[in-house]
Amino acid sequence: MNSRLTLIIVVLLVLAPAVWVISSADVETPAVAEAAAEVVAGDTAAVQTPPAEEGPSSLFPPLTLKSLEKAAEPRTPSIHPPVILMDEDMEPVIRSGRPLSLAATCGGCHNVDYIARNNYHSQVGLNELTPPGQAKSGRAWDVSPGMFGRWNPLTYRTLSPEGFDEIDMGTADWIMVMGPRHVGGGPAVTSRFTGRPLTETRADDPKNPDAFVLDPITRKPAAWNWQESGVMELNCLLCHVKDPNNAQRVAEIKKGRFGWASSATLLGSGVAERDGGEIKWSAKAFAEDGSVRPEYFRVSDPRSGNCRICHGSACRCSDPVIFENSLDNWGTETTGEIFSPDPVDRSGMNLKGKESLHLPWDVHAQRLLQCSNCHHSMNNPEYNEETGDERPGHLRFDARKLGFGEYLETPDHNLAKGHSAQGTVARAMDGSMRDCRDCHDAEARHDFLPYKKLHFQKLSCQTCHVQRVLAPARMSTDWTLLDSAGEPLVTHRGVRGRVNDPASIIDGYTPVLLMHEEDDGEYRLGPHNVITSWFWVEGDPERPVREADLKAAFLEKDGTYRPEYVRALDENGDGKLEENELRLGSAAKVEAIKKLLESAGVKAPRIKGEIQPYTLSHGVASGDYALHCCQCCHGKNSRAIQDVKLSDYAPGAAEPGPVTDARILLHGKIETGKDGKVYCTPTLDPGNLYLHGTQRVQWLDWIGILAVIGSFLGVAAHGTLRFASSRIKKAE
Amino acid sequence: MEKKVWFYSFYERIWHWVQAIAVLVLIMSGFEISYAGNFSVTGFKVAVTLHNLAGVILVVNAFLALFYNLAGGLLKRYVPGLEDFFTLGIRHATYYIWGIFVGAPHPFDKTPEKRLLPLQKITYFMILNVLLPLMIVTGALKLSAEVNPAWVEYFGGLKLLGPIHRFGAWMFAAFLIVHVYMITTGHTIFSNLKAMVLGYEEVHLDDGKEG
């Protein structure tokens, strides 16, 4: 008996790895291999561990096994024809050794000019430029609604206009600062002033921000050589190959080697490798005709992993989710959203009550949706299906369809877009994506909810389905002072302790509910994070004080604090600046810092505060974890009127105001509480939303209350008199 | 002389108590909806369901009563005449302001045909023609949001209907307090209540009263 048992155990021990090896090997059909690749990539990873009762596969939970060792890369060839990587002169790079030009490479089959023009990810405001002060943000220094021209207090530096007084960010500066989150093309290739290639720019006009950059040492303009740097072409690879090497791409951008950015994306794939500081093409990856061997180069539809490169790299996916709050992880930093299929309770983060959070970070990610399933190309025949409302009434079927060939030649890269307060670029595209209700029949569910239609009309689905954000998000950015690293003072909500400190407990936050205008003109209540920023402005028309001036005023050349800066802020006189001293909490400190700025050449500095709402659209919970509590909105403690902490303090007692291009109704009081913190108490405009139990017409209510009290007192008095008179009569 | 007089038919009594319960439920649940977070008996969601249910019952019952009174030719008993606003009304009011305390005889004899006294007629006339329709219309419009929110918007939206409906509720509550108190002003404290339960009342008939 014992020997039989031993035999069974030995057989099992031998077979188990074998089964796993077989399951991981390349014996799958291409579809299975693709799916396996996705599991490794993580987009489907959470590809649920089958429940134990489902059979033998539960003995080997695929995620766990896959996590032990990265599965072999699928080497099945792509259906994409072989690609000859070419330089800008249409020479195969393997022969010329020059930087890859994707316009030349992809342009043979795809209309790259059309793609670049119809692409707000590339244009980022270049095609929506306005004169300074006329942008919808209301800022005097903004020149567009996009990343190219719309100032962002998180990244801070300002795109210098033509004829600038003092340069802050020339076009080449812009690429170096914003390029890591820009796909290329648009303003990274074309002059905003001439519409001609930036390579034609000559440094003959010292007031031309295309031709000059800021010298951070002298704080003066320095000429930029576009011939040497090249331009940053629209980088197709960033979205259309799996695992593009973004770190190397960013490294090239930051070095000002824009022309090599696309090439750097292929480092690590075997197609290119770094040789010293240079990028060399690997002969082994190329066929005789100069095309890349398919096993080294797989062109594919954009996957969520591609989008995460710029929008938030929260998900490592083959591991439990771990993330860091930083501007490199933009989406999570600004909203706390994490688009990952992984279960929250298996996260690697120090989340409060993690063991009870049996939900995925995002239910749509868990259900295998990719970003591009919702944010698809507008003329993709796969998605471009007219609904009944859009189809001409007399047609049952509209046969006029774009063929796949036509689509592949001219794919519209203006990707379908939702509604968000922060998505200010290409507002004309707002609402172009299918929203929740286009896919889900909300009325078929939600049986618990009275007045479904009214709720669906007045609330965004996320109001209940993003009832809590599980990750921290930025709360405030204070550029009025700099810390010892030369960075602004940043606070987060949703974390107890320092953000990114493994010892800090992440407890998440309850989003503020704000009325947001959607493309049908309706305002709907939806969840938001609000980020408040404090900064110095100078001049008339005003503009933010340059980061270089802040550094010159506050820091020595070696990056340490200037003694004057320490003296201005050091409250306890110990010669050091502690965290609680790094804030402009008194008029004396404000004056002292003003003087420092003026000594660095800043003219009439004053403090300004600004509130930027960020709409929460991801991190969606399924119905089981959605808000079911009526009184969370209806009642005196309604979320819709809850105080929102904007900042731990108000530098120089400045009052922040909301940006004007967020399509948000932010009514309410903004005031500093007794605890010194700045709060916003939202009020609802009953013209847009009337919440039973929360809103009332006070004077009308009082008339009613007085009528009831009057009636009660009247009958009480009458009854008492009746009682008294009857006693008297009895006595008589 | 005491006489047992039947005032209320079985249907009328059932109708009355159904309305009474519906109004009570409406006021309680309405209060819970309006002051969620301050006052809770059933919880918000149950309160909404109860409120809607009681509202529908009240309206159906009201229309049944309208039909009953129309078919029975009884409607005129609810319509005050001009004298009810002036001479009779003043006499009635004077009784409650003064006579009731000094033991003066009630100025009117209640009969099955003229069961509503002048001030009652005026009060019910206002309630049935102003307050109740106002509550029914605003309530029904609010309820219609379940079917089509556009209808609510067409009539000014919840921002208008909500406060009006709530003001009406306060008025109903005020009426209810006085109504309950007035029950005690019969021959005995409970004689009116007894009549609405049993259907008859022991009426004391005196010469010289107007009925």
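In this text the structure is predicted, and so the values were computed from the model without any measurement.

Moving on: the overall build of chain A. Helices and strands together make up the secondary structure of chain A, namely 24 helices and 17 strands. Burial statistics for chain A: of 732 residues in total, 43% are counted as buried. Within chain A, contacts between residues separated by at least 24 positions form 63% of all contacts whose residues are at least 6 apart in sequence.

Okay, the overall build of chain B next. When its secondary structure is counted, chain B shows eight helices and two strands. Traced from its N-terminal end to its C-terminal end, chain B shows the element sequence β-α-α-α-α-α-α-α-α-β. Seen along its three principal axes, the alpha-carbon backbone of chain B occupies a region of about 60 × 35 × 30 Å. For chain B, the proportion of its 211 residues judged to be buried stands at 23%. Within chain B, contacts between residues at least 6 apart in sequence are counted, and of these 69% link residues at least 24 apart.

With that settled, consider the packing of helix H1 (residues 10-34) of chain B against helix H2 (residues 44-71) of chain B. Residues and elements named next belong to chain B. At a minimum axis separation of 8 Å, H1 and H2 run at an interaxial angle of 150 degrees. As far as their axial angle goes, H2 and H1 are roughly antiparallel. H2 is crossed by H1, and the crossing has left-handed handedness. Taken together, the residues of H2 that come into contact with H1 (itself represented by Tyr11, Trp15, Val18, Gln19, Ala22, Val23, Val25, Leu26, Ser29, Gly30, Glu32 and Ile33) are Phe44, Ala47, Val48, Leu50, His51, Ala54, Gly55, Ile57, Leu58, Asn61, Ala65 and Tyr68. Here the contact of H1 with H2 is composed, by residue class, of 17 nonpolar, six polar and one charged.

So, about the environment of Gly89 of chain B. Residues and elements named next belong to chain B. Its location among the elements puts Gly89 in helix H4 (residues 87-102). Looking at Gly89, the number of C-beta atoms within 10 Å reads 19, which means it is partly exposed. Note: C-alpha distance between Gly89 and Trp6 (83 residues apart in sequence) is 25 Å. Discounting chain neighbours no more than four positions away, the residues touching Gly89 are Asp84, Pro118, Leu119 and Ile122.

Turning to the pairing of strand E6 (residues 489-493) of chain A, a few remarks are in order. Residues and elements named next belong to chain A. The element E6 is extensively covered by neighbouring structure, given that four of its five residues are classed as buried. For strand E5 (residues 473-478) and E6, the ladder comprises five bridges, and the chain directions are antiparallel. Counterpart to Ala473 in the pairing with E6 is Arg493.

Glancing now at helix H21 (residues 547-554) of chain A. Residues and elements named next belong to chain A. Most of H21 is tucked away: seven of the eight residues are buried. All of the buried residues in H21 are Glu547, Ala548, Asp549, Leu550, Ala552, Ala553 and Phe554. Where the residues of H21 are buried, they touch strand E1 (212-214), helix H22 (563-569) and helix H23 (587-599).

Another aspect to go through is the confidence of the model for chain A. The predicted coordinates of low-pLDDT regions are not to be read in fine detail. Per-residue confidence for chain A gives a mean pLDDT of 86; residues scoring 70 or more make up 88%. In this model, residues 16-72 of chain A is a region of pLDDT below 50 whose contacts with residues beyond four sequence positions or in other chains number 68 contacts.

Residues and elements named next belong to chain A. Positionally, Ser263 belongs in helix H12 (residues 261-264). Taking C-alpha positions, Ser263 is 40 Å from Asp519, a pair spaced 256 residues apart along the chain. Non-local contacts of Ser263, meaning those with residues more than four positions away in its chain, are made with Pro99, Leu100, Ala272 and Ile279.

With that settled, the discussion passes to the interface of chain A and chain B. Each partner contributes to the interface: chain A provides 33 residues, whereas chain B provides 32 residues. Of the residues forming the side of chain A that touches chain B, the biggest block, 15 residues, is contributed by helix H24 (residues 698-731) of chain A.

Most often, soluble globular proteins keep nonpolar side chains buried together rather than apart. All names here are of chain A. Membership of the largest hydrophobic core comes to 88 residues, with the highest contact counts inside it found for Ile175 and Met232. Apart from residues lying up to four places away in sequence, Ile175 is in contact with Ala188, Met232, Ile253 and Phe258. Counting residues in each nonpolar core, the second largest holds 35 residues, with Leu514, Ile531, Val659 and Ala662 among its members.

Next up on the list: the confidence of the model for chain B. All names here are of chain B. Across chain B, the average pLDDT comes to 89, with 95% of residues at or above 70. Confidence drops under pLDDT 50 across residues 207-211; counting only partners more than four residues distant or on other chains, this segment forms ten contacts. Predicted as a complex, the structure gets a pTM of 0.85 and an ipTM equal to 0.92.

Turning our eyes to something else, we now look at the pairing of strand E17 (residues 678-682) of chain A. Residues and elements named next belong to chain A. Taking every second residue as pointing to the same face, the buried face of E17 carries Val678, Cys680 and Pro682, while none of Tyr679 and Thr681 on the other face is buried. Relative to E17, strand E13 (residues 644-647) is paired through three bridges, and the arrangement is antiparallel. The residue bridging Lys645 from the neighbouring strand is Tyr679, located in E17. Where strand E16 (residues 668-672) meets E17, five bridges bridge the pair, whose relative direction is antiparallel. Looking at E17, one finds that Ile670 is bridged to Cys680. Count of turn residues in the E16/E17 antiparallel hairpin: five residues, of which Gly676 carries a positive phi of about 85 degrees.

For residues besides glycine, phi is generally negative; the peptide bonds are generally trans as well. Residues and elements named next belong to chain A. Put simply, Asp540 and Pro541 share a cis peptide bond, and its omega is 0 degrees. Relative to the helices and strands, Pro541 is located in the loop between strand E10 (523-538) and strand E11 (543-544). Its identity is not glycine, yet Ala604 carries a phi of approximately 45 degrees, on the positive side. If you trace the backbone, Ala604 turns up in the loop between H23 and strand E12 (606-615). The class for Ala604 is exposed, based on 12 C-beta atoms found within 10 Å.

Let's shift gears to the packing of H24 of chain A against H4 of chain B. As a packed pair, H24 of chain A and H4 of chain B sit with axes 8 Å apart at the nearest point and diverge in direction by 25 degrees. As far as their axial angle goes, H4 of chain B and H24 of chain A are roughly parallel. Side by side, H24 of chain A and H4 of chain B meet where Leu721, Arg722 and Ser725 of chain A of the first sit next to Ile100, Phe101 and Val102 of chain B of the second. Within the contact of H24 of chain A with H4 of chain B, the residues separate by chemical class into four nonpolar, one polar and one charged.

Here we come to the sheet that holds E13 of chain A. All names here are of chain A. The strand order across the open sheet built from three strands is E13-E17-E16, with neighbouring strands paired in antiparallel fashion. Every interior strand has two partners, whereas the edge strands, E13 and E16, have only one. If you compare each strand with its neighbour and ignore which way they point, the axes differ by 25 degrees on average.

All names here are of chain A. You can see Met475 is positioned in strand E5. Using a count of 22 C-beta atoms within 10 Å as the deciding quantity, one classes Met475 as buried. C-alpha of Met475 to C-alpha of Ser647: the two residues are 172 residues apart in sequence and 6.6 Å apart in space. Ignoring anything within four residues of it in the chain, the contact list for Met475 reads Thr491, His492, Arg493, Ile531, Lys645 and Ser647.

Analysis parameters
Residues numbered from 1 in each chain as written. Chains lettered and ligands numbered in written order. Predicted model: local features only at pLDDT ≥ 70, side-chain atom pairs only at ≥ 80, totals over all residues. Helix = DSSP H or I, 4+ residues; strand = E, 2+ residues; numbered from the N terminus. Buried ≥ 20, exposed ≤ 12 C-beta atoms within 10 Å, placed from the backbone. Contact = placed C-beta atoms within 7 Å. Axes fitted to C-alpha atoms, helices over the stretch in contact; angles between N-to-C directions. Parallel < 35°, antiparallel > 145°, perpendicular 65-115°, else oblique. Left-handed = near helix turned anticlockwise from the far one by under 90°. Nonpolar A, V, L, I, M, F, W, Y, C, P; charged D, E, K, R; others polar. Pairing = 2+ DSSP bridges. pLDDT = per-residue confidence, 0-100. Core = buried A, V, L, I, M, F, W, Y, C linked by C-beta atoms within 7 Å.

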